[in-house]
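This is what each chain is made of:
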Amino acid sequence: MMPTDWRPPTLETNRLVIRAFGEADAEPLFAHASNPNITRYTLWEYHKTIADTLNFVRDYAHCRYIEGVPEPYAVVLKADPAQKPIGAVGCFWASQPNRTMELGYWLAEPFWGRGLIVEACQEVVRYSFTMCGPERMQARVIAGNTASVRVLEKLGFRLEGTLRSSLYRRGIFEDVMCFSVLRGEYERC
Ligand SMILES: CC(C)(COP(=O)(O)OP(=O)(O)OC[C@H]1O[C@@H](n2cnc3c(N)ncnc32)[C@H](O)[C@@H]1OP(=O)(O)O)[C@@H](O)C(=O)NCCC(=O)NCCS
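Residues numbered from 1 in each chain as written. Predicted model: local features only at pLDDT ≥ 70, side-chain atom pairs only at ≥ 80, totals over all residues.

Asks: I'd like a rundown of unusual backbone geometry, residues and numbers included.
Replies: The omega torsion of the bond from Glu71 to Pro72 falls at -5°, within 30 degrees of zero and hence cis. Looking at where Pro72 falls in the secondary structure, it is placed in the loop between α2 (50-65) and β3 (73-77). Residues other than glycine seldom take positive phi values, yet Ser165 does so here, at roughly 50°. Following the sequence through the fold, Ser165 ends up in strand β7 (residues 158-169). For Ser165, a count of 11 C-beta atoms within 10 Å gives the class exposed. Non-glycine residue Arg170 carries a positive phi angle of around 50°. Examined against the element boundaries, Arg170 turns out to sit in the loop between β7 and β8 (172-182). (Helix = DSSP H or I, 4+ residues; strand = E, 2+ residues; numbered from the N terminus. Buried ≥ 20, exposed ≤ 12 C-beta atoms within 10 Å, placed from the backbone.)

What follows is the structure, encoded as structure tokens:
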């Protein structure tokens, strides 16, 4: 356990600031997290009220930060003077005894197609390998999410296989594609 006030450190890329969430992010994030197009292929449901977003940026984030993991991180455009979050990215323990972390991400729809999430993930995965010490970083994609598959390919993840009908979500059995990159492979990227 980390000190209860631990926050993941702010990271920077060419176009982005990647920082911890705070309560003030609830309102601007709700504008994007309430869009059903975002959650078409996610395990989480789009936010119905600001209380859902507040729960994410305050309660969920607090629970992860005291574990000492960089999840969730707010993605912010450097060029935005208001520094509002336009998405979230993070790595959390899928299995700590087996030193396996998992990457998750989403970006607000108006910002799709500019390579921003790849830029954010590259930095967060690098930070996570260095600071948390996993051997394996995995990612799971619901079949059909072509944009997400492309993101993982660009990050150097490898498709390991598809768990057919392994997820019962919203009344349908979904195929889940499993990706990973190992520590040694990422260091060579
Ligand atoms: C997945 C997501 C983060 C990708 O964001 P993005 O800004 O579009 O990502 P990028 O611009 O880096 O790249 C997307 C790639 O997918 C491709 N792509 C996008 N939509 C596509 C589609 N419908 N069919 C085929 N390819 C598609 C783009 O052409 C691009 O590939 P390229 O660089 O080879 O041209 C974004 O779509 C999103 O937030 N989706 C909702 C949340 C989600 O599904 N998260 C992932 C859960 S596993």
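Asks: Which residues make up the sheet that holds β7, and what values do they have?
Replies: Spatially, the eight strands line up as an open sheet ordered β1-β2-β3-β4-β5-β6-β8-β7, and their pairing is mixed. Of all strands in the sheet, those with a lone pairing partner are β1 (11-12) and β7, marking the two edges. Where strand β5 (residues 100-107) meets strand β6 (residues 136-142), three bridges bridge the pair, whose relative direction is parallel. Bridge pairing links Glu102 to Gln138 in β6. In the packing of helix α4 (residues 146-155) onto the sheet, contacts are made with β6 and β8, and the angle to β6 comes to roughly 160°. (Pairing = 2+ DSSP bridges. Contact = placed C-beta atoms within 7 Å. Axes fitted to C-alpha atoms, helices over the stretch in contact; angles between N-to-C directions.)

Asks: Got a sec to walk through the environment of Leu43? Specific residues and values, please.
Replies: The residue Leu43 is located in the loop between α1 (26-33) and α2 in this model. C-alpha of Leu43 to C-alpha of Pro28: the two residues are 15 residues apart in sequence and 22 Å apart in space.

Asks: Which residues make up the pairing of strand β2 (residues 16-20), and what values go with them?
Replies: Pairing of β1 with β2, which is carried by two bridges, proceeds in the antiparallel orientation. Among the inter-strand pairings, Glu12 is bridged to a residue of β2, identified as Val17. As consecutive antiparallel partners, β1 and β2 are separated by three residues. Judged from the five bridges that link them, β2 and β3 form a sheet pairing that is antiparallel. Counted as the bridge partner of Leu16 is Leu77 from β3.

Asks: Talk me through the pairing of strand β4 (residues 85-95); I want residue IDs and the actual numbers.
Replies: Two faces belong to every sheet, and in a regular strand the side chains alternate between them. Pairing of β3 with β4, which is carried by four bridges, proceeds in the antiparallel orientation. Residue pairing for β4: Val75 is matched across the bridge by Gly87. Taking the residues between adjacent antiparallel strands as the criterion, β4 and β5 are bridged by four residues, where Arg99 takes a positive phi near 50°.

Asks: Requested: an account of the site of the ligand, with residues and values cited.
Replies: Around the ligand sit 20 residues, and of these Trp106, Trp112, Thr146, Ala147 and Arg150 come closest. Mapped onto the shell around the ligand, the elements with two or more residues apiece are β5, α3 (116-132) and α4. Among the elements that take part in the shell around the ligand, α4 stands out by supplying five residues, more than any other. Among the residues forming the shell around the ligand, the class breakdown is twelve nonpolar, six polar and two charged. (Near = placed C-beta within 6 Å. Nonpolar A, V, L, I, M, F, W, Y, C, P; charged D, E, K, R; others polar.)

That's the geometry; what it means functionally is another story.
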